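# Observations on chain architecture
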Amino acid sequence: MYAIVAGGGKVGYYLAKELVEQGHEVLVIERDGKQCAIIQEDLGDIVMQGDAAEASVLAEAGTARADVIVSVTGDDEDNLVISQVAKKRFQVPRAIARINNPKNEQIFRMLGIDATVSSTEVILGVLEQELPAHAIVPLLRLRHADVAVVETVLDEQAPVVGRPLRDLNLPAECTIPLIIRGGAPLFPSPDTRLSAGDEIIALTTTRGEARLRDLLWAPR
Amino acid sequence: MFAIIMGCGRVGARLANLLADQGHEVTVLDVNSQAFWRLGPDFRGATMLGNGIDVDVLRRAGIERADSFAATTQGDNRNIMASQIAKHIFNVPKVVTRIYDPIRQDTYADLGLETVSPTVLGAAALLDVITSQGAGKD
């Protein structure tokens, strides 16, 4: 795979390092000459100095034959433009962008970026996992299909504890393929009875997420 | 007409005054409050501190009822991103983007943005002057 990494800061540096170790062809594009020198010294001849938002720089980098471009500069607007220019002008099949403002995720998706990574959102997710408030925590979102893998942990107060899964009457847009019980996976049948401490892993649409919360936690 | 202008530099401030003088409602956005002095004491529009690539800031500026949006900051990428938000998320009818880099201007013109490049216009104007005066030494 030929991967172009736009932005040679800490994220770009370690990303490039991992990709090189996995045997991929990598080119880092970085504006700052000093940072370029550091990368060149540590990782070898895989860095090019320039502004990745400039089409001429991307052309010189051989972007037309790249399999993926990953934009990880510190500025959302730069990551957006780099991804768009790579996709539209050089037909790079896949563009992944780092975002800082989680609200930009929807915008990037509407503007054609394949995937976004937001450290802000990741940290928020971890924070939510630490909170006891009956949260349904998203583990993975498949944006293009509006489907998410979510998790919630049942405690004694959950009204569904002791009842079989079939009693939940899950809506069509939501399914529970996996329960982690006592650290071991359990692939439930409709007759599986839920217990306190169960980690429920569900596959659901955005709409199904709210329904699932009601079904699991609303008193009946 | 209600216009939002992002970036209160020389061009943004002048555009804001021209529009306001024509009787239009104008709000100017900038991340630096010091920039608003460029509007002068007689400016009849509104100013707002904030970053135009932030959807919350744009909403507060009233983008949902804006008739036009002009992105005139120093950063091409910031202008491009804000303009795409205005056009594609908030469906502002008239959006114009200043892009210095002529190649990027081409790309985004292809992608449907209305763009103005001071680089292209400025060079053309200068060329005009240099070649049309028929001056120089024979």
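This text follows the structure it describes.
Sequence order sets the numbering: in each chain, residues are counted from 1 along the sequence as written. Written order determines the labels here, with chains lettered from A and ligands numbered from 1. It should be noted that, the model being predicted, local features are given only for residues of pLDDT at least 70 and side-chain atom pairs only at 80 or more, the latter also being counted only at that level, while totals for whole chains, interfaces and linings use all residues.

Attention shifts here to the overall build of chain A. Each helix is a run of H or I in the DSSP string that is no shorter than four residues. Each strand is a run of E no shorter than two, and both are numbered from the N terminus. Across its full length, chain A holds seven helices and 11 strands. Note that the radius of gyration is over C-alpha atoms, with the globule rule given as 2.2 Å times the number of residues to the power 0.38. Over its C-alpha trace chain A gives a radius of gyration of 22 Å, far above what one expects of a compact globule, namely 17 Å for 220 residues. Projecting the C-alpha coordinates of chain A onto the three principal axes gives extents of approximately 65 × 30 × 25 Å. Around each residue's C-beta, the other C-beta atoms within 10 Å are counted; 20 or more make the residue buried, 12 or fewer make it exposed, and counts in between make it partly exposed. All C-beta atoms are placed from the backbone. Here chain A holds 220 residues, and 32% of them are scored as buried.

At a minimum axis separation of 8 Å, helix H4 (residues 76-90) of chain A and helix H3 (residues 76-89) of chain B run at an interaxial angle of 80°. Taken together, H4 of chain A and H3 of chain B sit at an angle that is classed as roughly perpendicular. For the pair formed by H4 of chain A and H3 of chain B, the contact residues are Glu77, Asp78, Leu80 and Val81 of chain A on the first element and Asn77, Arg78, Ile80 and Met81 of chain B on the second. Along the lines of polarity and charge, the residues of the contact of H4 of chain A with H3 of chain B split into four nonpolar, one polar and three charged. Axis lines are fitted through C-alpha atoms, for helices just across the contact stretch, and the angle between N-to-C directions can take any value from 0 to 180 degrees. Angular relationships are summarised with four words: roughly parallel below 35 degrees, roughly antiparallel beyond 145, roughly perpendicular across 65 to 115, and oblique for the angles in between. In this description, a residue-residue contact is defined by the distance between C-beta atoms placed from the backbone, which must lie within 7 Å. Think of it as three bins: nonpolar holds Ala, Val, Leu, Ile, Met, Phe, Trp, Tyr, Cys and Pro, charged holds Asp, Glu, Lys and Arg, and polar takes everything else, Gly as well.

Here we take up H4 of chain A. Residue and element names in this part refer to chain A. Taking 1.5 Å of rise per residue, the 15 residues of H4 would be expected to cover 21 Å, and the 20 Å separating its terminal C-alpha atoms lies within 8% of that figure. When you tally the buried positions in H4, you get 11 out of 15 residues, the bulk of the element. All of the buried residues in H4 are Asp76, Glu77, Asp78, Asn79, Leu80, Val81, Ile82, Ser83, Gln84, Val85 and Ala86. Looking one or two residues past H4, Gln91 carries a phi angle of roughly 55°, positive in sign. How far a helix is expected to stretch is found by multiplying one less than its residue total by 1.5 Å.

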